[in-house]
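A structural walkthrough
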There are 2 protein chains.
Amino acid sequence: MRLYSYFRSSASYRVRIALALKGLPYEYRAVHLLKEGGQQMQPDFRQLSPDALVPVLEDEGQALTQSLAIIEYLDETHPQPALLPAEPAERARVRALALTIACDIHPLNNLRVLKYLKNPLGIDQQGRDDWYRHWVESGLAAFERMLAGSPRTGQCCHGDQPTLADLCLVPQVYNARRLKADLDAMPTVVRIADHCAALPAFEAAHPDRQPDAE
Amino acid sequence: MRLYSYFRSSASYRVRIALALKGLPYEYRAVHLLKEGGQQMQPDFRQLSPDALVPVLEDEGQALTQSLAIIEYLDETHPQPALLPAEPAERARVRALALTIACDIHPLNNLRVLKYLKNPLGIDQQGRDDWYRHWVESGLAAFERMLAGSPRTGQCCHGDQPTLADLCLVPQVYNARRLKADLDAMPTVVRIADHCAALPAFEAAHPDRQPDAE
C-alpha cells in the first residue's frame, strides 16, 4: 500500500492512525500542500485524486480517496481490530460522531477555504483565526454533548477501544490546540483525545513523526 | 420511524430518498430552519440533535443523526435494495463520491455558514452567492472527473442502480440549480442527476412534495 499524505493534513492523520492500529505497512509519499503552486495541483497527483486533496491510498492498483471511505475500506479488508462496532445502531453512533467532525468542522477550516476567505473575500488574519475557532469550538461543543449524554461513551468515544470516531477526534483536537481554540467547556472531548493520543498507534501517526514533518 | 426534516435541507432530502427506495413508511416531522430563532434551536429538538441539525431519524427508541450515518444504518437494517455495492473497493468508490459532496461541497454552503459570512464577516449578497457557486462548481467539477474517468459509471454514479452517491448528488444538483450555478462543464453529473431525479423514489423525496414545502 502507498499513502499520499501531508504531515499536517488531519484527514491524512486519520488514515495513518487506522493503518497503524491495524499494523499495516505502507510506503509514505509526501504531498506538500503549501509549496508554491501546491504539489496537490500537479497533473500526476490529480490523476490519482480528482479533487486534488490528500489523503489518497493506493492498494491493489486502485487509488482510493476521501479519508472516511479509505478507513471503512481498510476496516472491511482488514477487520482486526475493528474500527466500528457490530450493531447497526452503534455503528450509526460512531459514524455520526465521525461525520460531525468530518462534515461539520473540518471542511470549514481546510486550507483552500482559509485561502478563499483571504482572497477574494479580503478577511484579515484575525478574522480568519476567529472563523477557524468558531467552527472548531461550536463543532466540538456539539461533539461534547453527544459524548457526555451517552452511556456508551467510555475511555474512548464508544466504549474503551478506538473507533472511527476517535480517529477523527484526535487530529481535530490537535488542530484546535494549534489554533489555540478554547477547549475548557469540553472535558470529555479532552479526556478522550488525550487518552487516545497516548496509544502507540496514535503516537506513530502524529504529524511530528512523519517523514515530511517540518 | 419518525424523520425530523426540513423540506429544503439537502441532507434531509438524501435520507428521504433512502426511505423511499427501501419502501419504508415514516412519520414526517417538519423542523423549520428559517423561522425566528430557528426551530432547530429549541431545547426539545436539541435533545434529539446535539448539533441542532436536521435530519434526525428516530427508530426503535434511538435518535440517529448525520445523514450518511442514517443511510448506512438503513442499508444495514433493511438491505434491499442495496445502496452500496458488495465489494470493498467498489464500496469505497461510492462512499468517496458521497463524501465529495457531503464533506467538500455541502458544509460550505450550509445555512449557518452563509449566516456567518453575512454577520460577523459582512459579506454582501453578491459575495455570498459567489461563495456558494464557487464551492458547488469546483466540487461538482471534481465529481465530474471522478465519474467521467471511471468505467464503473453507468446510468447512475456506480452502475445502473442508485447508490449512496446518487442520494447525495441529486439534492446537490437541485441546490446548485436553485442558486444558478453553471453546470455546463459537467455533462455526466447532469445526465445522472436527471436520470435519478425522474425515478419514483427520488420524485417522492423532492422538496416540493414534502408537507412543509412552501
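One can find the structure itself at the top, above this paragraph.
Residues numbered from 1 in each chain as written. Chains lettered and ligands numbered in written order. Predicted model: local features only at pLDDT ≥ 70, side-chain atom pairs only at ≥ 80, totals over all residues. Heavy atoms only, no water.

**Describing the packing of helix α5 (residues 111-118) of chain B against helix α6 (residues 125-148) of chain B**
Residue and element names in this part refer to chain B. Formally: All axes here are fitted lines through C-alpha atoms, helices being fitted over the stretch that makes contact, and every angle between N-to-C directions spans 0 to 180 degrees. Under the DSSP-based scheme used, a helix requires at least four consecutive residues in state H or I and a strand at least two consecutive residues in state E, with every element numbered from the N terminus. Here the angle decides the label: under 35 degrees means roughly parallel, over 145 means roughly antiparallel, 65 to 115 means roughly perpendicular, and every other value means oblique. Whether a crossing is left-handed or right-handed is set by the direction in which the near helix is turned from the far one by less than a right angle, anticlockwise for left-handed and clockwise for right-handed. Contacts: residue pairs with any heavy atoms within 4.5 Å of one another. When residue character is reported, Ala, Val, Leu, Ile, Met, Phe, Trp, Tyr, Cys and Pro are called nonpolar, Asp, Glu, Lys and Arg charged, and the others, Gly included, polar.
Following both chains from N to C, one finds α5 and α6 inclined at 140°, their axes separated by 10 Å at the closest point. As summarised for this structure, α5 and α6 are arranged oblique, according to the angle between their axes. Here α5 and α6 pass one another in a crossing that is right-handed. The segment α5 lies against α6, with V113, L114, L117 and K118 engaging R128, W131 and Y132. Within the contact of α5 with α6, the residues separate by chemical class into 5 nonpolar, no polar and 2 charged.

**Quick notes on the relation of the copies chain A and chain B**
Each of the two copies of the chain can be brought onto the other by a rotation about an axis and a shift along it. This is how the line gets drawn: When the copies are superposed, the least-squares fit takes in the C-alpha atoms of residues with a pLDDT of at least 70 in both.
With an axial shift of 0.0 Å and an RMSD of 0.0 Å, the rotation relating chain A to chain B amounts to 180°. Taken together, the rotation and translation relating the two chain copies correspond to the operation of a two-fold axis. Considering only C-alpha atoms, the part of chain A nearest the rotation axis is A:C103, at 2.4 Å. A high fraction, 100%, of the interface residues of chain A reappear at the interface in chain B, so the copies pair face to face through one surface.

**Here we look at the pairing of strand β3 (residues 56-59) of chain B**
Residues and elements named next belong to chain B. The condition that has to hold: Only strands that DSSP links by at least two bridges are regarded as paired with each other.
Here strand β1 (residues 2-5) runs beside β3; their pairing, made up of 3 bridges, is antiparallel. Note on β3: the bridge partner recorded for R2 is E58. Examined bridge by bridge, β3 and strand β4 (residues 62-65) share 4 bridges and lie antiparallel to one another. The residue of β4 that forms the bridge with V56 is T65. Between the end of β3 and the start of β4, which pair antiparallel, lie 2 residues, with E60 showing a positive phi angle near 50°.

**Concerning the interface of chain A and chain B**
Defined as follows: In short, buried area is how much 1.4 Å probe accessible area vanishes from two parts on joining, totalled over both. Any Lys or Arg side-chain nitrogen found within 4 Å of a carboxyl oxygen on Asp or Glu counts as a salt bridge. We define a polar contact as two N or O atoms separated by no more than 3.5 Å, with the added condition that, inside protein, one atom must be a possible hydrogen donor and the other a possible acceptor, whereas residues neighbouring each other in sequence contribute only through side-chain atom pairs.
Listed as interface residues are 41 residues of chain A and, on the opposing side, 41 residues of chain B. Across the chain A/chain B interface, buried area totals approximately 3800 Å², and carbon plus sulfur atoms make up 65% of it. Along the contact surface separating chain A from chain B lie 7 salt bridges. Here A:E76 and B:R95 are joined by a salt bridge, their closest N and O atoms 3.1 Å apart. Taken together, chain A and chain B are joined by 13 residue pairs in polar contact (both at pLDDT 80 or more). Taken together, the elements giving at least two residues each to the side of chain A that touches chain B come down to β4 (62-65), α3 (67-77), α4 (88-102), α5 (111-118) and α6 (125-148) of chain A. At 9 residues, the largest contribution of residues to the side of chain A that touches chain B is made by α4(A). For the side of chain A that touches chain B, the per-class residue count stands at 24 nonpolar, 6 polar and 11 charged.

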